[in-house]
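# Observations on the three-dimensional arrangement
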Amino acid sequence: MTGFEEYAALVRELSVRQRGGERAVAAEAERRRGLHAAADQLGQRLTAQGQRLDQLGRAIGAAGPLAVPEGTPAVAALASPSAVPPSGAGAGATGGAAAAPGRPEVGAYPEGTVPAPRTPEPDPVAELAAARQLADEADRYGQQAESIAHRPTLLPTWSAAARAVAVYAACALAGSVLMAAAALSPASQAVGLGLVLAVSCTGIPLLSFLAGHLILGRWGRPVMDAGPPSSRYVPLGFVICALLSPSLYCAVLVAARLA
């Protein structure tokens with residue numbers, strides 16, 4: 001093989017290696033662009049989660065806004081994927097024999113300047129996958145919190161109609177007990193039983209209805225409800241209190257007379 005042929009073979013080999021290096025550089029640049037795009041997408045997702053948590057906090061009456069912590073490990077790693085951690089040696093430490101050639105008294109590492117073991121560089125892909133997993137868990141917990149916030153405080157698993165019936169019936173029962181106590185008290189003998197019965201049969205059911213109406217308005221509606229106000233079943237509540245309170249009162253009164 002002549003010298004020119006050897007030269008041409010070396011040029012071809014150099015060209016192949018150069019093209020391979022260019023492809024490797026392009027692949028690395030594409031990988032970094034993909035990582036940065038994924039990090040930006042994750043950052044937007046975390047920002048949206050933070051805004052949703054702020055809305056939820058204001059809806060439930062939290063003291064302050066719920067902030068999403070910044071600078072997560074994945075985002076920090078993706079922000080500088082080529083960052084190299086420090087070696088651990090001091091700034092003024094000598095480099096051993098490599099830093100002082102021709103000096104036999106200087107060893108590979110002078111006494112007291114042995115560098116600490118280097119921390120392995122974090123893997124951006126693994127950090128991004130871990131951040132996505134944490135974001136998924138945050139989404140699940142956020143959905144659970146919103147589901148709880150859309151339920152009323154009082155009897156959250158009951159339907160609205162069943163809750164209203166239970167509340168008005170409980171208020172009617174309390175009113176009937178109050179009516180019976182007023183009718184059986186010694187003071188009612190001086191005022192007159194007829195007047196006590198008239199006041200009890202009109203005022204106590206009305207008070208029972210108002211109490212049930214207020215209870216449903218305070219604890220019977222969801223903490224976070226963007227729709228129209230839930231019905232308090234006013235006609236149903238009025239009928240329950242108007243019929244149930246006197247009926248229970250009569251039953252209590254008859255039982256007290258027969259005892």
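Residues numbered from 1 in each chain as written. Predicted model: local features only at pLDDT ≥ 70, side-chain atom pairs only at ≥ 80, totals over all residues. Heavy atoms only, no water.

### Digging into the nonpolar core
For clarity, the threshold we go by: Here, nonpolar core refers to any group of buried Ala, Val, Leu, Ile, Met, Phe, Trp, Tyr and Cys residues whose side-chain atoms link them within 4.5 Å. Burial here depends on accessible area, computed with a 1.4 Å probe over protein chains only, as a share of the maximum for the residue type. Under 20% is buried, over 50% is exposed, and the range in between is partly exposed. Each helix is a run of DSSP H or I of at least 4 residues and each strand a run of E of at least 2, with the numbering of both proceeding from the N terminus. Two residues form a contact once any of their heavy atoms are found within 4.5 Å.
Ala164, Val167, Tyr168, Cys171, Phe209, Leu216, Ile240 and Cys241 form the largest nonpolar core, which has eight residues in total. Elements with a contribution of two residues or more to this core: α4 (160–184), α6 (193–219) and α7 (234–258). In terms of residue count, the dominant contributor to this core is α4 (four residues). Residues in contact with Cys241, not counting those within four places in the same chain, are Tyr168, Ala172, Pro205, Ser208, Phe209 and Pro246.

### Structural notes on the environment of Thr47
We apply this condition: A 3.5 Å cut-off defines polar contacts: any pair of N or O atoms within that distance qualifies, except that in protein one atom must be a possible hydrogen donor and the other a possible acceptor, and neighbouring residues in sequence count only when both atoms are side-chain atoms.
Among the structural elements, Thr47 can be located in helix α1 (residues 3–59). A residue is classified by how much of its surface remains accessible, and Thr47, at 46% relative accessible area, is partly exposed. A polar contact is formed between the side chain of Thr47 and the backbone oxygen of Gly43, at a distance of 2.9 Å.

### Describing the pattern of salt bridges
Short version of the rule: Salt bridges are counted wherever a side-chain nitrogen of Lys or Arg sits within 4 Å of a carboxyl oxygen of Asp or Glu.
For the structure on display, the rule yields seven salt bridges. Counted as one network, the salt bridges with shared partners bring together Glu28, Arg31 and Arg32.

### Comments concerning the UniProt feature "transmembrane region" (unreviewed entry) in the protein chain
Just so we agree on the cut-off: UniProt positions are given in the numbering used here, feature names are shortened, and annotations may be inferred rather than shown by experiment.
Taking the numbering used here, the UniProt-annotated feature "transmembrane region" (unreviewed entry) corresponds to residues 165–184, 191–216 and 236–256. As annotated, residues 165–184 comprises 100% helix and 0% strand, and the C-alpha atoms at either end are separated by 28 Å. Secondary structure across residues 236–256 divides into 100% helix and 0% strand, with the first and last C-alpha atoms of the span separated by 30 Å.

### Digging into the packing of aromatic side chains
What counts here: Two rings from Phe, Tyr or Trp (for Trp, the six-membered ring) form a pair when their centres are within 6.5 Å of each other. A pair whose planes differ by under 30 degrees is stacked, one over 60 is edge-to-face, and the rest are tilted.
On inspection of all chains with the given rule, the structure shows two aromatic pairs. With a centroid separation of 5.8 Å and 10 degrees between ring planes, the pair formed by Tyr168 and Phe209 is classed as stacked. Residue Tyr168 is located in helix α4, and its partner Phe209 is located in helix α6; the two are separated by 41 residues in the primary sequence. By relative accessible area, which is 9% here, Phe209 ends up buried. For the ring pair Phe209 and Phe238, a centre distance of 5.8 Å and an interplane angle of 85 degrees mean the geometry is edge-to-face. Pair noted here: Phe209 is in helix α6 and Phe238 is in helix α7, with a separation of 29 residues, a long-range link.

### What to know about the environment of Ala160
Mapped onto the elements of the fold, Ala160 is located in helix α4. Residues Ala160 and Ser230, 70 residues apart in the sequence, show an inter-C-alpha distance of 8.0 Å.

### Details of α1
The following threshold applies: One less than the residue count of a helix, multiplied by 1.5 Å, gives the span that helix is expected to have.
Between its terminal C-alpha atoms α1 stretches 84 Å, which fits the 84 Å expected from 57 residues at 1.5 Å a residue. Every buried residue belonging to α1 is among Ala8, Leu35, Ala38, Ala39, Leu42, Leu46, Gln49, Gly50, Asp54, Leu56 and Gly57, and all of these are buried.

### Considering helix α3 (residues 124–149)
Helix length check: α3 (26 residues) gives 37 Å between terminal C-alpha atoms against 38 Å at 1.5 Å per residue, within 8%. Turning to α3, its buried residues number three or more, namely Pro124, Leu128, Ala131, Ala135, Gly142 and Ala149.

### Here we look at the side chain of Ser245
Mapped onto the elements of the fold, Ser245 is located in helix α7. By relative accessible area, Ser245 is classed as buried at 0%. In terms of polar contacts, Ser245 uses its side chain to reach the backbone carbonyl oxygen of Ala172, at 3.2 Å. In this structure the side chain of Ser245 is engaged in a polar contact, spanning 3.2 Å, whose partner is the backbone oxygen of Cys241. Those residues in contact with Ser245 that lie beyond four places of it in its chain are Ala172, Ser176, Met179, Pro205, Ser208 and Ile240.

### Some points on the packing of α1 against α3
As a reminder of what qualifies: The angle between two axes is taken between their N-to-C directions and runs from 0 to 180 degrees, where each axis is a line fitted to C-alpha atoms and a helix contributes only its stretch in contact. Throughout, the term roughly parallel applies to angles under 35 degrees, roughly antiparallel to angles over 145, roughly perpendicular to angles from 65 to 115, and oblique to all others. We call a crossing left-handed when the near helix sits turned anticlockwise from the far one by less than a right angle, and right-handed when that turn is clockwise. Each residue gets one label: Ala, Val, Leu, Ile, Met, Phe, Trp, Tyr, Cys and Pro are nonpolar, Asp, Glu, Lys and Arg are charged, and the others, such as Gly, are polar.
Contact pair α1 / α3: the axes reach a minimum separation of 11 Å and the direction vectors enclose 20 degrees. When the interaxial angle is binned, α1 and α3 end up roughly parallel. As for the relative orientation of α1 and α3, their crossing is left-handed in sense. Residues Leu35, Ala38, Leu42, Arg45, Leu46, Gln49, Arg52 and Leu56 of α1 form the contact with α3, whose own contacting residues are Pro124, Val125, Leu128, Ala131, Arg132, Ala135, Asp136, Ala138, Asp139, Ala145, Glu146 and Ala149. Classifying every residue of the contact of α1 with α3 by side-chain character gives 13 nonpolar, one polar and six charged.

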